[in-house]
Amino acid sequence: MEEKHVLVVFPHPDDESFGAGGTIAQFTKAGVPVTYACLTLGEMGRNMGKPPFATRESIPNLRKKELKDACEVLGIKDLRLLGYRDKTVEFEEEEKIVNEIKALINELNPSLIITHYPEHGVHPDHDATGRATVEAVRQLAKGKRPKLYCIAITKNRETVLGNPDIVNDVEDTMSIKVEAIRAHRSQTEAMFQKPIDENNRIKKWLKEEIFWLYQFQSI
Amino acid sequence: MQPIDDKKVQDALNNYKNKTIYIHLETTNGAYAAHRNDAAMAVSAFIRNGKIVFSQGKITGDNPYRVGLKMDDGWVYAQGLTDWEIDTEERLLLAGHDTEGRIAVALHLSEKPFT
Ligand SMILES: [Zn+2]
């Protein structure tokens, strides 16, 4: 894990904590700078807290604050809010998003990018974000492409993609990861109210972070 | 938000009658509905800043509630509403939450566009 700079690209506040929080914390603890490009503020999320303390109109600002808190916990010092709207990423002009991500890559020169695996994101925003990020990297000269770790969450991911290329045990940064997940209070409060055995099951699920290395066709 | 008081909501609705207003209307069962349960489809729809005028607006039902707004050429309708508030920008927010506190339906009315 010798990285210079890691760029994380996800559409929703909390994607970073659930999908890669332990891995991100490992990087920042080792002194590797991490930049998080978050496309939306999760404006259309269903969770409003339990009991609900947010409304559809107040949730964008609340989630922005929760995201900043989570970044603080994870040691992310560079947060870029790209200003798209939850649920609408796939309907934007893809080239515009690709160019924004390409500009970030050119600015930061990351050695590793973490995003969603296109068509394995379940949420359409995840897929659109993965597609745009993969396309941005594809457009770079072959020798200049950073590594691309992709998160796949579809049920058939192993059937289609094979076994994950990276299975990262995040036991050592688990408490940071859980604290970051907790920081997204409006979204995760209900989860932490579940009975202990259910919570243990969740903890086990959180302990491993798995990624597929995106393979470009050799053109 | 607080549990709906239908008389207060009716008064609030009356304030928007015969004015050009903006609405936010949505319903959703979550983007992960199909992922978590093979039998379910992920279903959602929203309109943000629909510009309408209604001549009659009513809240009916008994927790959850329904709201219907009659327009010259049609209707705006929402079912499953449980909570309400007038927010800091004087907008009428109505929402239906499930037992986990998640939004299932929302209808907001405002004289100014929503951001
Ligand atoms: Zn997400």
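Let me sum up the structure you'll find in this document. (Residues numbered from 1 in each chain as written. Chains lettered and ligands numbered in written order. Predicted model: local features only at pLDDT ≥ 70, side-chain atom pairs only at ≥ 80, totals over all residues. Heavy atoms only, no water.)

### Points about the interface of chain A and chain B
Counting residues at the interface gives 20 residues for chain A, matched by 28 residues for chain B. The junction of chain A with chain B conceals about 2100 Å² of combined surface from both sides, 54% of it contributed by carbon and sulfur atoms. Looking only at chain A, the three residues that lose the most surface to chain B are Arg-46, Glu-57 and Lys-155 of chain A, adding up to 34% of its buried area. Residue Glu-100 of chain B is joined to Lys-50 of chain A by a salt bridge in which the shortest nitrogen-to-oxygen separation is 3.7 Å. At the junction of chain A with chain B, the criterion picks out eight residue pairs in polar contact (both at pLDDT 80 or more). In terms of residue class, the side of chain A that touches chain B is built from six nonpolar, seven polar and seven charged. (Contact = heavy atoms within 4.5 Å. Buried area = accessible area lost by both parts, 1.4 Å probe. Salt bridge = Lys/Arg side-chain N within 4 Å of Asp/Glu carboxyl O. Polar contact = N/O pair within 3.5 Å; in protein donor to acceptor, adjacent residues only side chain to side chain. Nonpolar A, V, L, I, M, F, W, Y, C, P; charged D, E, K, R; others polar.)

### Some thoughts on the layout of surface pockets
Its boundaries defined by the atoms lining it, the largest pocket holds a volume of some 1600 Å³. Around the largest pocket sit 45 residues that line it, and Phe-18, Ile-153 and Trp-205 of chain A together with Tyr-32 and Arg-36 of chain B are the ones nearest its centre. Among the secondary structure elements, those contributing two or more residues to the lining of the largest pocket are helix H1 (15-29), helix H7 (185-188), helix H8 (196-206) and strand E7 (208-213) of chain A together with helix H2 (33-36) of chain B. Among the residues forming the lining of the largest pocket, the class breakdown is 15 nonpolar, 14 polar and 16 charged. Its volume calculated, the second largest pocket comes out at about 210 Å³. Taken together, Ala-12, Asn-15, Tyr-16, Ile-86, Glu-89, Glu-90, Arg-91, Ser-110, Glu-111, Lys-112, Pro-113 and Thr-115 of chain B make up the full set of residues lining the second largest pocket. For the lining of the second largest pocket, a count of residues per class yields four nonpolar, three polar and five charged. (1 Å grid on protein atoms, 1.4 Å probe; cavity = no way out; pocket = protein on both sides within 12 Å on 5 of 7 lines; lining within 4 Å. Points joined across faces, edges and corners; volume = space filled by probe spheres on them. Helix = DSSP H or I, 4+ residues; strand = E, 2+ residues; numbered from the N terminus.)

### What to know about the pattern of salt bridges
Residue and element names in this part refer to chain A. For the structure on display, the rule yields 22 salt bridges over all chains. Put simply, Glu-171 and Lys-207 hold a salt bridge, and the shortest N to O gap is 3.4 Å. In this pair, Glu-171 is assigned in the loop between strand E6 (166-169) and helix H6 (174-183) and Lys-207 in the loop between H8 and E7, connecting sequence segments 36 residues apart. In this structure Glu-171 comes out as partly exposed when scored by relative accessible area, which is 49%. We classify Lys-207 as partly exposed; its relative accessible area is 27%. (Buried < 20%, exposed > 50% of the residue type's maximum accessible area, 1.4 Å probe, protein only.)

Scope: geometric values only; no functional claims are made or implied.
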